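For reference, the chains in residue letters:
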Amino acid sequence: MSKQIDLKGLIPSGAELRILLNSNHISYGDISSTLKDKGIFCGNSDKITSVPLLTATLLTSDEYSKIIDNSISRSSKPKNKISSLELVDTGADLNAPLRNLFSSQFNPFEGIPNIEVIKKPNPIFNENNTVRIRYEIKRIDFSKDFLKREISFEGEVLVQKKDVDLKIEFLSTHTSKETETINQRIGAAIAKELKNSGVVKSDIESKITFNVFEEIERVRFFKRLTAGQGAFLILDNVNEIVISREASTQSLPDEPEVSWMNQTVKYMTIDGDRLHNIFLISDEKYYQYYFIDNMELTYKYEFGVNKGQVKVAFFFSSSSRKKDFDRSSEFAFEIINIKTENETTVIVKKGIENDILEKVRTLIKNEYQRIIEERDDESQAIESNGKLSSQKLK
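Throughout what follows, the structure given in this document is the object of discussion. (Residues numbered from 1 in each chain as written. Predicted model: local features only at pLDDT ≥ 70, side-chain atom pairs only at ≥ 80, totals over all residues. Heavy atoms only, no water.)

1. Some details on the overall build of the protein chain
Thought 1: Scanning the protein chain from terminus to terminus reveals nine helices and eleven strands.
Thought 2: A burial count over the protein chain gives 45% of its 394 residues as buried.
Thought 3: Counting contacts in the protein chain only where the partners sit at least 6 residues apart, residues at least 24 apart contribute 68% of the total.
Thought 4: Roughly 21,000 Å² of accessible area belongs to the protein chain as shown, and the carbon and sulfur atoms make up 48% of that amount. (Helix = DSSP H or I, 4+ residues; strand = E, 2+ residues; numbered from the N terminus. Buried < 20%, exposed > 50% of the residue type's maximum accessible area, 1.4 Å probe, protein only. Contact = heavy atoms within 4.5 Å. Areas by Shrake-Rupley, 256 points an atom, 1.4 Å probe, with all protein chains shown as cover.)

2. Quick notes on helix H1 (residues 14-22)
Residue pairs spaced three or four apart in an α-helix point in one direction, given the helix's 3.6 residues per turn.
Thought 1: Within H1, burial applies to Leu17, Leu20 and Leu21. In a view along the axis of H1, the buried residues occupy a sector of 95 degrees, so they form one face of it. (Arc of directions from axis to C-beta.)

3. Quick notes on the pairing of strand S4 (residues 152-162)
A regular strand carries its side chains on alternate faces of the sheet.
Thought 1: Of all the eleven residues making up S4, eight are buried; the element is thus mostly covered by neighbouring parts of the structure.
Thought 2: Pairing of strand S3 (residues 130-139) with S4 involves nine bridges; the strand directions are antiparallel. Its bridge partner being in S4, Ile137 is matched across the sheet by Phe153.
Thought 3: Here S4 runs beside strand S5 (residues 167-174); their pairing, made up of seven bridges, is antiparallel. Its bridge partner lying in S5, Val157 is registered against Ser172.
Thought 4: Counted between consecutive antiparallel strands, the loop separating S4 from S5 contains four residues, among which Leu166 sits at a positive phi close to 55 degrees. (Pairing = 2+ DSSP bridges.)

4. With respect to the nonpolar core
Thought 1: Formed by 43 residues in total, the largest nonpolar core has its most connected members in Phe221, Leu225, Tyr299, Phe314, Phe331, Phe333 and Ile364.
Thought 2: Contributing elements (two or more residues each) for this core: helix H7 (215-224), strand S7 (233-244), strand S9 (291-303), strand S10 (306-317), strand S11 (330-340) and helix H9 (346-393).
Thought 3: Examining the composition of this core, we find that nine residues originate from one element, H9, more than from any other.
Thought 4: In terms of nonpolar packing, the next biggest core, distinct from the first, is built from 41 residues, Leu17, Val51, Ile182 and Ala191 among them. (Core = buried A, V, L, I, M, F, W, Y, C linked by side-chain atoms within 4.5 Å.)

5. Some points on helix H3 (residues 47-55)
Thought 1: Those residues of H3 lying buried are Lys47, Ser50, Val51, Leu54 and Thr55. Along H3, the residues classed as buried sweep out an arc of 125 degrees about the axis, all on the same side.

6. Things to note about the packing of aromatic side chains
Thought 1: Summed over all chains, the structure comprises 17 aromatic pairs.
Thought 2: Relative to Phe316, the ring of Phe222 lies with its centre 5.8 Å away and its plane at 55 degrees, an arrangement referred to as tilted. Remark: Phe316 occurs in strand S10 and Phe222 occurs in helix H7; sequence separation between them is 94 residues.
Thought 3: With 5.9 Å between their ring centres and 20 degrees between their planes, Phe232 and Phe303 make a pair best called stacked. Within this pair, whereas Phe232 is found in the loop between H7 and S7, its partner Phe303 is found in strand S9, the two being separated by 71 residues in sequence. (Phe/Tyr/Trp six-rings, centres within 6.5 Å; stacked < 30°, edge-to-face > 60°.)

7. Quick notes on the pattern of salt bridges
Thought 1: Scanning the model with the defined rule gives 21 salt bridges in all.
Thought 2: Glu374 is the partner of Arg224 in a salt bridge, and the nearest nitrogen-oxygen pair spans 3.0 Å. Pair noted here: Arg224 is in helix H7 and Glu374 is in helix H9, with a separation of 150 residues, a long-range link.
Thought 3: A relative accessible area of 15% places Arg224 in the buried class.
Thought 4: Classification of Glu374 as partly exposed rests on a relative accessible area of 28%.
Thought 5: A salt bridge links Glu367 to Arg370; the nearest nitrogen and oxygen atoms lie 3.3 Å apart. Pair noted here: Glu367 and Arg370 are both in helix H9, with a separation of three residues, about one helical turn.
Thought 6: Each of Lys162, Glu169, Glu358, Arg361 and Lys365 takes part in one network of salt bridges that share partners. (Salt bridge = Lys/Arg side-chain N within 4 Å of Asp/Glu carboxyl O.)

8. Quick notes on the side chain of Arg139
Thought 1: Note that Arg139 resides in strand S3.
Thought 2: For Arg139, a relative accessible area of 5% translates into the label buried.
Thought 3: One polar contact links Arg139 to Glu178, side chain to side chain, over a distance of 2.8 Å. (Polar contact = N/O pair within 3.5 Å; in protein donor to acceptor, adjacent residues only side chain to side chain.)

9. Comments concerning the packing of H1 against H3
Thought 1: Viewed as axis vectors pointing N to C, H1 and H3 meet at an angle of 140 degrees, and their least axial separation amounts to 10 Å. As for the relative orientation of H1 and H3, their crossing is right-handed in sense. Across from Gly14, Leu17, Arg18, Leu21 and Asn22 in H1, the residues of H3 making contact are Lys47, Val51, Leu54 and Thr55. (Axes fitted to C-alpha atoms, helices over the stretch in contact; angles between N-to-C directions. Left-handed = near helix turned anticlockwise from the far one by under 90°.)

If you want it as structure tokens, here you go:
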């Protein structure tokens, strides 16, 4: 991380503040909470409404510091994505192609502006068909947007060969837009190398992206993540859900309960305590009109003698800097914090975190597969009914 930034004399106002608040560095929640701290309560958390309100006030240095600290802290927290490739057979060699790739001229940092490479990707090969690839970069952009100044970010790609499932699985961990892009390049290069070596059937990773879901399936998928993972992860609380209509192409139905949201609301934050009373969540007929932008859950976990709570955020993430919504954004999750019921060592805590990561990955894969299977079953049922109807007409 960077040295502490001296904010004295650097607090922007007017148009400069508006530009900063509207950037993707500052979240809707940061603006909303700052307004509440100033005694201003805004029913609509959309930036079209909240940014002008906050810009019209005078920010104190403490308020500004809090916004900036939250932004940097959020960027630096590890965010995880999963993907996979299908193996040709169980005897395929994973290590040789990866050694060949990372001893070549492959450069995943090429063309990314304003970064300095601190640590190059260095594959570590483990005995259990696992390869861990870590690296570190530093932003060196000294532009007016000081949010990008002298901040170090780490990235990691974990590659696992699963012979039972005949798959190569990836867990990509990024801490910034830059490392998100670098991870995508590393994953694509690995996939191509493995395909050329005859290890996998395709050089295109199977990913969970926004556009692989049909409209109603996205909200259903998020809701099912509250089910947890057996006795290992049990839902304790739904902390918050942020719903968005940004990517919706349909107007809400002309019903008094929801029609007021047309053209006025892009984002809405729902407190977990009120979740079951919100018809947008409880009634599936509304699922096609919005998607869940972010969901924070608290699970109770138990791995042997280790027990406690873990807060996890689920969301769609994109390395694109375009203002328009990226429909190819990938599903991601973040471990916000882990609490243990008993005193543990650093090594034990790291083991708990790895166990939680594995169970969350399993939960995501299982629920996504369930969505796909239900879709296939529905398609087959429609096709069968169509054939029966044709036969009756004959």
